[in-house]
Amino acid sequence: MDSKLRSYEPVKCSGVGATSAMRRQPPLLEYDEDDMNFLSFFEEGSQNRYRPRAVFVDTDPSTIGALSNSPYARLYSTEQLVRGTEDAANNFARGYYTEGRRLLQQTLQQLRLQAEACDSLQGFMLYHSYGGGTGSGLTALLADYLSIEYPKKIDVRFAVMPSTKVSSAVVEPYNAILSGHNSLQHCSAAFAADNSFMYDLAYNCLAVARPSFHHINAIFSQTVSSVTGSLRFDGALSMGLSEICTNLVPFPRLHFIYTHYAPLVPQQHVPFSRFSTMDITRMAFQSPDPKTNFSSKNILDTPSSGTSSLHLPSSAPRSFFPPLPPIRSSSFSAPSTAHSTSSSVSSTSSLWSSDISPGVHMACCLMYRGQVKPTDITAAIKKVLQKRAVKFVNWTPTGFKVGVNYQPVTTLPGLNLTNVPRSVCVLSNTTTVRQHWDALAANFDKLFSKKAFCFWYLNEGMTEEDLVEAREDIAVLQADYKDVEEMAMLDTRRSRTQEETRVNEEGEDIREPRRKKRSSNRKRQRKYSLP
């Protein structure tokens, strides 16, 4: 089978937001017969039209109804939209045992039809949330059955993790721990994101006064597009999801991946920015300080007429962002010592964490898009390593995996995203994930110590042993990440000790011949001196 015909099945297991509009006919696709990479995500129908290889599932009928009334409704057939009659009410047990199980056979039938239409099925891509009832419970149920019917296919997930700052439901820790327990058994790689942090990105980096879910989805979709770009377009260093998982996941359980995307700049900032390979790589690895990057003196006035006037005091740093109101201090990590570039002061964008440098990295993947040269990538990576922006474990020989795709990013109008000539998506497997699981586990322990809200789960068919087993599994995951950190610290100390010992030995070896030479010269002088 040709390696280009790689097919993946996206499965939506959480709510889909869309706006109501008139239905439109999907456009005809014109393509080169030699370039069939887009068939990884589309299948050919009648009248030279194509539809995505996707199945949308939700127990709440309103979200699927919103998609049916959206401008993209004609892209999908009615069989691809699976809806229930009652939502899961933020309850993992309802999504796994009762409401989600009613949709199981219909969903599996649609997945079988989509899999049979693929020439070479490689795996499934699941989009879901960890904190919701449908996203956690129904996804876990589907993963159990997919692992039985397709045991050798990869399971890649793009998940929305519960925020450590804002919670949309009290029982989110229960759902997240139970969903994480299932993910450790079946998932190949999980690319995590945080809605509240993406909201901050849209507000701070894109200068959106009132971000909505459309802006958040736009940021997340750009990252997903960069990850899957090699499946749809040609490039110098193309790689599929199987290759990404192979290079990012050293151990089966440590498969939670941090996702960073750069650059994220507002449209008014583009004329003053530089998007070279070195610049976008530095943006992805730097941690901006909002207190120093944004100054109240740097004001971008935007009158109602649409014209803008820029006031820049000579003594103030140049900033083309509007002023920020008081924001939560927890939205950002500690200030970094890295200097901001002249091209951008706040273009770093992590979808789950505010900084990429803390913790120990086991692997890192750089996905470049646009006109990027391999020599420029090598120089940029060498610069990052020289500044020690990333700390790798000693047992990783290279650390970086690079992918190059010549097709630049494409954005939709009205979302404050700008078409840039080059972009980079950083996928990092780091031990910083343990901090998020520690916070979720602590919230879980607070609730479970009083058996609070447990009866909602027990009434749906779950037992307390299931909750205890999931919590113990997450505790083992926390210990695994801690062991990697401790091993990295021990290796670092051992290497430093060996280096100091080697330097001391070399210093003694150098001083010893000098002493012997000086003593021999003195003897020689005394031997041939006049009486």
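As a reminder, the structure under discussion sits directly above these lines.
A.B. asks: Please give an account of the overall build of the chain that cites residues and values.
C.D. replies: The helix and strand tally for the chain stands at 15 helices and 14 strands. Out of the 531 residues belonging to the chain, those deemed buried represent 50%. Of the contacts formed within the chain by residues at least 6 apart in sequence, a portion of 83% connects residues at least 24 apart. Summed over all atoms, the accessible surface of the chain reaches about 26,200 Å², with 52% contributed by carbon and sulfur.

A.B. asks: Please set out a positive patch on the surface residue by residue, giving values where relevant.
C.D. replies: A contiguous patch of positive charge on the surface is contributed by Arg-388, Lys-391, Arg-493 and Arg-496. Tracing the backbone shows Arg-493 in helix α15 (residues 464-527). For Arg-493, a relative accessible area of 53% corresponds to the exposed category.

A.B. asks: Could you give me a rundown of the pairing of strand β8 (residues 189-194), with the residues and numbers involved?
C.D. replies: Within β8, six of the six residues are buried, which leaves it mostly tucked inside the rest of the structure. Covered by surrounding structure in β8 are Ala-189, Phe-191 and Ala-193 together with Ala-190, Ala-192 and Asp-194, the residues of both alternating faces. Relative to β8, strand β7 (residues 154-161) runs parallel, the two being bridged by six bridges. Across the sheet, the residue bridging to Val-156 is Ala-189, located in β8. Summarising the sheet, β8 and strand β9 (residues 256-262) pair through two bridges and their orientation is parallel. Bridging from a neighbouring strand, Ala-190 pairs with Phe-256 of β9.

A.B. asks: Explain the environment of Val-426 to me, using residue names and the numbers behind them.
C.D. replies: Checked against the element boundaries, Val-426 lands in strand β14 (residues 422-430). Taking the C-alpha atoms as reference points, Val-426 and Ala-262, 164 residues apart in sequence, are found 8.4 Å from one another.

A.B. asks: An account of the packing of aromatic side chains is needed here, citing residue identities and associated values.
C.D. replies: Under the definition given, this model contains 16 aromatic pairs. Here the aromatic rings of Phe-455 and Trp-456 are separated by 4.6 Å at their centres, their planes lie at 35°, and the arrangement is tilted. You can call Trp-456 partly exposed: its relative accessible area is 48%. Taken together, the ring pairs in this structure connect Tyr-127, Phe-158, Phe-191 and Phe-220 into an aromatic cluster. The ring of Tyr-96 carries Arg-101 above its face, with NZ or CZ at 5.8 Å from the centroid. Lying over the aromatic face of Phe-448, Lys-451 brings its terminal NZ or CZ to 4.6 Å of the ring centre.

A.B. asks: Outline the nonpolar core, listing residues and values.
C.D. replies: With 63 residues, the main nonpolar core has Phe-158, Phe-191, Ile-244, Leu-248, Phe-285, Leu-366 and Leu-427 as its most contacted residues. By size, the runner-up hydrophobic cluster in this structure holds 55 residues, among which are Ala-176, Met-362, Leu-447 and Val-484.

A.B. asks: For helix α6 (residues 195-204), give the residues involved together with the corresponding values.
C.D. replies: By the criterion of burial, α6 is predominantly enclosed, with eight of the 10 residues buried. Listed as buried for α6 are Ser-196, Phe-197, Met-198, Asp-200, Leu-201, Ala-202, Tyr-203 and Asn-204. The inward-facing, buried residues of α6 abut β8 and α7 (213-227).

A.B. asks: Please set out unusual backbone geometry residue by residue, giving values where relevant.
C.D. replies: In this chain, Ala-262 is followed by Pro-263 through a cis amide linkage whose omega measures 5°. In this fold, Pro-263 is placed in the loop between β9 and α10 (277-285). Positive phi, close to 55°, is recorded for Lys-451, a residue that is not glycine. Position of Lys-451 relative to the elements: it lies in the loop between α13 (433-449) and α14 (454-458). Under the relative-accessibility criterion, Lys-451 is labelled partly exposed at 39%.

A.B. asks: Explain α7 to me, and be specific about the residues and the numbers.
C.D. replies: Between its first and last C-alpha atoms α7 spans 21 Å; for 15 residues at 1.5 Å apiece the expected length is 21 Å, and the two agree. Those residues of α7 lying buried are His-215, Ile-216, Ala-218, Ile-219, Phe-220, Gln-222, Thr-223, Val-224, Ser-225, Ser-226 and Val-227.

A.B. asks: Pulling in residues and values, what's your account of the side chain of Arg-94?
C.D. replies: Checked against the element boundaries, Arg-94 lands in helix α2 (residues 92-102). Within the structure, the side chain of Arg-94 is placed 3.1 Å from the side chain of Glu-86, a separation counted as a polar contact.

A.B. asks: I'd like to hear about empty space enclosed by the protein, residue by residue, with values.
C.D. replies: The gaps left among the atoms become clear once a water-sized probe is rolled over them. Applying the stated criterion across every chain yields a total of five cavities of 30 Å³ or more. In terms of lining residues, the second largest cavity is bounded by Leu-206, Gln-222, Tyr-261, Pro-263, Leu-264, Val-265, Val-409, Thr-411, Leu-417, Thr-418 and Val-420. Split by residue class, the lining of the second largest cavity holds eight nonpolar, three polar and no charged.

A.B. asks: Break down a nonpolar patch on the surface for me, citing the residues and quoting the values.
C.D. replies: Where nonpolar side chains cluster on the molecular surface, the patch consists of Val-170, Phe-453, Phe-455 and Trp-456 and spans about 410 Å² of accessible area. Looking at where Val-170 falls in the secondary structure, it is placed in the loop between β7 and α5 (172-186).

A.B. asks: Describe the pattern of salt bridges, listing the residues and the values that go with them.
C.D. replies: Tallying each qualifying case throughout the model produces 17 salt bridges. Glu-149 is the partner of Arg-112 in a salt bridge, and the nearest nitrogen-oxygen pair spans 2.8 Å. Here Glu-149 lies in helix α4 (residues 133-149) and Arg-112 lies in helix α3 (residues 104-116), a separation of 37 residues in the sequence. Arg-112 gets classed as partly exposed once you look at its relative accessible area, which sits at 25%. What makes Glu-149 partly exposed here is its relative accessible area of 33%. Of the charged contacts, one joins Arg-434 and Asp-438 as a salt bridge, the two residues approaching to 3.4 Å between their closest N and O atoms. Taken together, the residues Arg-434 and Asp-438, both in helix α13 and four residues apart, mark about one turn of the helix.

A.B. asks: Report on the environment of Asp-144, specifying residues and quantitative values.
C.D. replies: Along the chain, Asp-144 turns up in helix α4. Asp-144 gets classed as buried once you look at its relative accessible area, which sits at 17%. For Asp-144, the contacting residues outside a window of four places in its chain are Tyr-96, Asn-182 and His-186. Engagement of the side chain of Asp-144 in a polar contact is seen with the side chain of Tyr-96, the distance being 2.6 Å.

A.B. asks: Please provide a residue-by-residue account of the state of the cysteines, values included.
C.D. replies: On inspection of all chains with the given rule, the structure shows zero disulfides. Here Cys-245 stays unpaired: no disulfide links it, and the sulfur of Cys-187, its closest cysteine neighbor, is 7.9 Å away. Looking at Cys-365, it has no disulfide partner, and the nearest cysteine sulfur is the one in Cys-364, 7.3 Å off.

Calculation criteria
- Residues numbered from 1 in each chain as written.
- Predicted model: local features only at pLDDT ≥ 70, side-chain atom pairs only at ≥ 80, totals over all residues.
- Heavy atoms only, no water.
- Helix = DSSP H or I, 4+ residues; strand = E, 2+ residues; numbered from the N terminus.
- Buried < 20%, exposed > 50% of the residue type's maximum accessible area, 1.4 Å probe, protein only.
- Contact = heavy atoms within 4.5 Å.
- Areas by Shrake-Rupley, 256 points an atom, 1.4 Å probe, with all protein chains shown as cover.
- Patch = residues over 30% accessible without salt bridge, like charges linked within 9 Å, V, L, I, M, F, W, Y side chains within 5 Å.
- Salt bridge = Lys/Arg side-chain N within 4 Å of Asp/Glu carboxyl O.
- Lys, Arg positive; Asp, Glu negative; His and termini not counted.
- Charge placed at Lys NZ, Arg CZ, Asp CG, Glu CD.
- Pairing = 2+ DSSP bridges.
- Phe/Tyr/Trp six-rings, centres within 6.5 Å; stacked < 30°, edge-to-face > 60°.
- Lys NZ or Arg CZ within 6 Å of the ring centre and 35° of its normal.
- Core = buried A, V, L, I, M, F, W, Y, C linked by side-chain atoms within 4.5 Å.
- Expected span 1.5 Å × (residues − 1).
- Polar contact = N/O pair within 3.5 Å; in protein donor to acceptor, adjacent residues only side chain to side chain.
- 1 Å grid on protein atoms, 1.4 Å probe; cavity = no way out; pocket = protein on both sides within 12 Å on 5 of 7 lines; lining within 4 Å.
- Points joined across faces, edges and corners; volume = space filled by probe spheres on them.
- Nonpolar A, V, L, I, M, F, W, Y, C, P; charged D, E, K, R; others polar.
- Disulfide = S-S within 2.5 Å.

On their own, these measurements won't tell you what the molecule is for.
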